[in-house]
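Structural characterization, general
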Amino acid sequence: MVNLTIDNVKIEVAEGTTIMQAAKSKGIEIPHLCYLKDLNEIAACRVCVVEVEGKGKLITACNNVVEEDMVIFTNSPKVMLDRMRTVQMILSQHDCKCATCVRSGNCSLQKLSNDLNIQDVLYEENLEHQAWDNSFPLIRDSKKCIKCMRCIQVCDKMQSLNIWELEGTGARTTVNISGSRTIAESDCSLCGQCITHCPVGALKERDDTSKLWEAIASEDKVVVVQVAPAVRTSWGEEIGLEIKEATVNKIFDALKKIGVDYVFDTAYSADLTIMEEANEFLDRFNNNELDERPMFTSCCPGWLRFIKGQFPHLVPQLSTAKSPMQMFGSVMKTYFAEKIGKKPENIYSVAVMPCLAKKGESEMELFYEEYAGHDTDCVITTRELVRMLRAAHINSNTLEDIEPDKLFEKSSGAGVIFGATGGVMEAALRTAYYTIMGENCSPDAFEVVRAESQDTGVSEASFNLNGVELRVAAVNGLGNARKLIEEIERGEKKYDFVEVMACPGGCVGGGGQPIHDGDELAFERGKNLYFLDKKSELRYSHENEDVKSLYENYFDKPNSHKAHMLLHTDHNSWEMPRSPKRDRNGYVINGF
């Protein structure tokens, strides 16, 4: 243990503790912009400087460890003056039009500037202007980038994709797409973790709210909205609602108040996905198609982009089942359109998702009979939903719990837990057990695949069902997925069924969720989904009466011909860009 004094407070901490962590242990917050524990401890911003008695120069707190008998001052006049000058220098290279920034009110730089009472920038403004494809779901505004390098570290260390890189030197240092590519040419998974870890508004999702407002205003469009399970765990964080009050039913009411025609819960189509995916898995398992490699889930578009870009030879191992969002959209444009007497092209299918990659997924085409279009016309993130509610001046205290519209009203707890890592696997196993054994298991029989914290990158288990040995795994985060796949390829691991979610914690930690700088709330949000599952009257997808009715009236049975036409996809119908990475001289980098 090491004894030291910080701001006249005596502290004892373990050897090797950083000054920042030592201070935090006693409730002393040292301001910072670039720091992310275990990911970005490089002191790029130099905002976290402190004064150490006996040392002439200020030192950074995020990457300097404590020493015995250190005496540290975090807010001495010398520190304050240096910190103010540093922040003013950062502001001179940052577009300070806060009124039109999506991060206004939730920006670390804005808060720090306000805390330091900075009212004038002393240095000449020097903004970087970098071209960007604004049609891409991920948007970067170089004028707002503060070169903290969080995006680089998160993409490299957490997601193992290396999309971003630092280029230039000195004052010309900037962040850009690696290998001299454009973002559209890159193998970006669209997980959006760079957005949720950016301390300012330099990275954001493409805003599609205007498209939805236009559809609502159109007399020709019937606006149908589905709300993903993970959204209910987080939307209240943005508008001051407690988790128990921020129900999905209040989201339905809010959407009706802004003018949409029909509202549904994506948990319904998650049940539909389980019916297709669980039966597909058992068919492939029984046909010995999984002897060499497992079947992988296919409901996470970030994961699909990853496997197509990094391990294209494994694409045949993906389930052919569409994601719940796509399935719901397909049903909206066919069965639902018939029921309400509308043409598919007059149905405007909207999805509220916690995910950036869903915007890319919505661009996939749907061909059925004479209709050619998209199963989903518009995807808005949880953050965009909240912005729309604010724009419409919806008072959260006036919202009521209303039920989703008819035909697709019921959903199970199994569908709800789709939003948490391990949830797809657990829901599928509940139905697979029923199919094999002819009876329901305990609804919590497979809870071992759940991840309780961010330290659980992979959950694995094996189950004996009536003499049938099933080996399964659930992995969250693309860096963890890469390690698992490499172990499978080396023959070190053997599974029959693997669930992969691109984001830490699953969809609840998605790139479209509310941002809390420095805090990872995904696993706490996931616990809420499991709580809702436990409280649900219906906990098995195969017992959903509305899903059964859909099969009886339209699809006949899981994996039928019509089900394959509308609820399954050909993964070879699109590929990830294969633009080579190049060095700064334009030469192709070997090994890409």
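Just so it is clear, the structure is predicted and the values come from calculations on it, not from any experiment. (Residues numbered from 1 in each chain as written. Predicted model: local features only at pLDDT ≥ 70, side-chain atom pairs only at ≥ 80, totals over all residues. Heavy atoms only, no water.)

Notes on the overall build of the protein chain
Condition: Only DSSP runs of H or I with at least four residues qualify as helices, and only runs of E with at least two residues qualify as strands; both kinds are numbered from the N terminus onward. What the globule rule says is 2.2 Å times the number of residues to the power 0.38, and the radius of gyration is computed from C-alpha atoms. Think of it in three bands: with a 1.4 Å probe and only protein chains considered, a residue is buried below 20% of the maximum accessible area for its type, exposed above 50%, and partly exposed in between. Pairs of residues are marked as contacts when any of their non-hydrogen atoms sit within 4.5 Å. Accessible surface area values rest on a Shrake-Rupley calculation with a 1.4 Å probe, where residue burial reflects the displayed protein chains alone. Counting rule applied: Lys, Arg positive; Asp, Glu negative; His and chain ends not counted. For charged residues, the charge sits on one atom: NZ in Lys, CZ in Arg, CG in Asp, CD in Glu.
The helix and strand inventory of the protein chain stands at 19 helices and 19 strands. The globule rule puts the C-alpha radius of gyration for 592 residues at 25 Å, and the 25 Å found for the protein chain is close to it. Expressed along its principal axes, the backbone C-alpha trace of the protein chain runs to roughly 80 × 55 × 55 Å. Taken over 592 residues, the protein chain has a buried fraction of 58%. Of the contacts made within the protein chain by residues no fewer than 6 positions apart, 72% connect residues no fewer than 24 positions apart. Within the structure as shown, the protein chain displays about 25100 Å² of accessible surface, and the carbon and sulfur contribution to it stands at 46%. For the protein chain, the separation between the mean place of its 66 positive charges and that of its 89 negative charges on side chains is 4 Å.

What about the UniProt feature "domain: 4Fe-4S His(Cys)3-ligated-type" (unreviewed entry) in the protein chain?
Quick note on the threshold: UniProt positions are given in the numbering used here, feature names are shortened, and annotations may be inferred rather than shown by experiment.
Cross-referencing UniProt, the feature "domain: 4Fe-4S His(Cys)3-ligated-type" (unreviewed entry) maps to residues 78-117 in the present numbering. For residues 78-117, helix accounts for 57% and strand for 0%, while the C-alpha atoms at its two ends are 16 Å apart.

Notes on the packing of helix α9 (residues 266-286) against helix α18 (residues 545-555)
Put simply, the rule reads: Where helices are involved, their axes are fitted lines through C-alpha atoms of the stretch in contact, as for all axes, and angles between N-to-C directions lie from 0 to 180°. Small angles under 35 degrees read as roughly parallel and large ones over 145 as roughly antiparallel, with 65 to 115 read as roughly perpendicular and the rest as oblique. By the definition used in this description, the sense in which the near helix is turned from the far one sets the handedness, with an anticlockwise turn below a right angle giving left-handed and a clockwise turn giving right-handed. Residues are grouped as follows: Ala, Val, Leu, Ile, Met, Phe, Trp, Tyr, Cys and Pro are nonpolar; Asp, Glu, Lys and Arg are charged; every other residue, Gly included, is polar.
Close contact between α9 and α18 brings their axes to 9 Å; oriented N to C, the two are set at 60 degrees. Comparing the axis directions of α9 and α18 gives the class oblique. Both α9 and α18 take part in a crossing whose hand is right-handed. For the pair formed by α9 and α18, the contact residues are Y268, D271, L272, M275 and E276 on the first element and D546, V547, L550 and Y551 on the second. Counted by class, the contact of α9 with α18 contains six nonpolar, no polar and three charged residues.

Side note on the sheet that holds strand β5 (residues 70-73)
Quick reminder of the rule: Whether two strands pair comes down to DSSP finding at least two bridges between them.
Read across the sheet, five strands follow the order β2-β1-β5-β3-β4 without closing on themselves; strand pairing throughout is mixed. Each edge of the open sheet is held by one strand with a lone partner, namely β2 (9-13) and β4 (59-60). Inspection of the sheet shows strand β3 (residues 49-52) paired to β4 by two bridges, in the antiparallel sense. When the sheet's bridge partners are listed, V50 is paired in β4 with I59.

A closer look at the environment of V49
Relative to the elements of secondary structure, V49 occurs in strand β3. Take V49: its relative accessible area is 0%, and that puts it in the buried class. Spatially, the C-alpha atoms of V49 and Y551 are 64 Å apart, while their sequence positions differ by 502 residues. If sequence neighbours within four positions are ignored, V49 has contacts with L58, I59, T60, V79, D82 and R83.

Looking at the domain arrangement of the protein chain
Rules: All domain edges in this entry derive from an automatic or database-based domain assignment. The term buried area means the drop in 1.4 Å probe accessible area that two parts suffer when joined, counted for both and summed. What counts as a salt bridge is simple: a side-chain nitrogen of Lys or Arg found within 4 Å of a carboxyl oxygen of Asp or Glu. Counted as a polar contact is a pair of N or O atoms within 3.5 Å, where, for protein atoms, one must be capable of donating a hydrogen and the other of accepting one, and residues adjacent in sequence contribute only when both atoms are in side chains.
When the domains of the protein chain are assigned, the result is domain 1 (1-89), domain 2 (127-203) and domain 3 (207-398 + 410-565). If you average the C-alpha positions of domain 2 and of domain 3, the two centres end up 28 Å apart. If you look at the interface, domain 2 gives 18 residues, while domain 3 gives 24 residues. Summed over the three residues of domain 2 that lose the most area to domain 3, namely P137, L190 and T196, the buried surface amounts to 27% of that side. Put simply, domain 2 and domain 3 have one salt bridge between them. Where D517 meets R150, a salt bridge forms, and the shortest distance between an N and an O atom there is 2.5 Å. If you look at where domain 2 meets domain 3, you find ten residue pairs in polar contact (both at pLDDT 80 or more). Going through the elements one at a time, α4 (150-158) and α5 (193-197) are the ones with two or more residues in the side of domain 2 that touches domain 3. A per-element tally of the side of domain 2 that touches domain 3 places α5 first, with three residues. Of the residues that constitute the side of domain 2 that touches domain 3, the class distribution is ten nonpolar, six polar and two charged.

Side note on the state of the cysteines
Put simply, the rule is: Any cysteine sulfur atom paired with another within 2.5 Å is treated as part of a disulfide.
Evaluation of the coordinates by the stated rule reveals zero disulfides. A disulfide-free cysteine, C107 has its sulfur positioned 6.3 Å from the sulfur of C101, the nearest such atom. With no disulfide partner, C299 has as its closest neighbouring cysteine sulfur the one in C507, 6.7 Å distant.

Quick notes on the sheet that holds strand β17 (residues 458-465)
Read across the sheet, four strands follow the order β12-β19-β18-β17 without closing on themselves; strand pairing throughout is mixed. Across the chains shown, the open sheet's two edge strands, defined by having one partner strand only, are β12 (295-296) and β17. Across two bridges, β12 lies against strand β19 (residues 497-501) in parallel orientation. Residue pairing across strands places M295 opposite F497, the latter belonging to β19.

Focus on the nonpolar core
For clarity, the cut-off: In plain words, nonpolar cores are sets of buried Ala, Val, Leu, Ile, Met, Phe, Trp, Tyr and Cys residues tied together by side-chain atoms within 4.5 Å.
Judged by nonpolar contacts, the single largest core of 96 residues is most densely connected at L109, L138, W164, L212, V223, L255 and W303. Counting 29 residues, the second-largest nonpolar core is a separate cluster that includes A270, L429, F446 and A461.

A short note on the packing of helix α6 (residues 209-217) against helix α13 (residues 382-391)
For the pair α6 and α13, interaxial distance at closest approach is 10 Å and the crossing angle is 55 degrees. Comparing the axis directions of α6 and α13 gives the class oblique. As for the relative orientation of α6 and α13, their crossing is right-handed in sense. Side by side, α6 and α13 meet where T209, L212 and W213 of the first sit next to E384, M388 and A391 of the second. Class assignment for the residues of the contact of α6 with α13 results in four nonpolar, one polar and one charged.

Some words on the side chain of T266
Inspection of the secondary structure assignment puts T266 in helix α9. For T266, the residues in contact, after removing those within four places along its chain, are Q226, V227, A228, P229, P324, M325, F328 and M353.

Description of unusual backbone geometry
For D7, which is not glycine, the phi dihedral falls at a positive 50 degrees. One can find D7 in the loop between β1 (2-6) and β2. Positive phi outside glycine occurs at N117, with the angle close to 55 degrees. Positionally, N117 belongs in the loop between α3 (108-115) and β6 (138-140).

Remarks on the packing of aromatic side chains
To keep it simple, the criterion reads: Two aromatic rings from Phe, Tyr or Trp, using only the six-membered ring of Trp, form a pair when their centres are within 6.5 Å; if the ring planes differ by under 30 degrees the pair is stacked, by over 60 it is edge-to-face, and anything between is tilted.
All chains considered together, the criterion is met by 21 aromatic pairs. Ring geometry for F336 and F408: centres 6.1 Å apart, planes at 50 degrees, overall tilted. In this pair, F336 sits in helix α11 (residues 324-340) while F408 sits in the loop between α13 and α14 (413-416), placing the two residues 72 residues apart along the sequence. Three or more aromatic residues joined by ring pairs form one cluster here, namely Y262, F264, Y268, F328, Y335, F336, F408, Y551, Y554 and F555.

Quick notes on a nonpolar patch on the surface
Let me state the cut-off plainly: Surface patches are drawn from residues lacking salt bridges whose relative accessible area is over 30%; two like charges belong together within 9 Å, two nonpolar side chains (Val, Leu, Ile, Met, Phe, Trp, Tyr) within 5 Å.
Taken together, the side chains of M89, V121, L122 and Y123 present a nonpolar region at the surface, about 360 Å² in accessible area. With respect to the helices and strands, the residue Y123 is situated in the loop between α3 and β6. Residue Y123 is classed as partly exposed on the basis of its relative accessible area of 32%.

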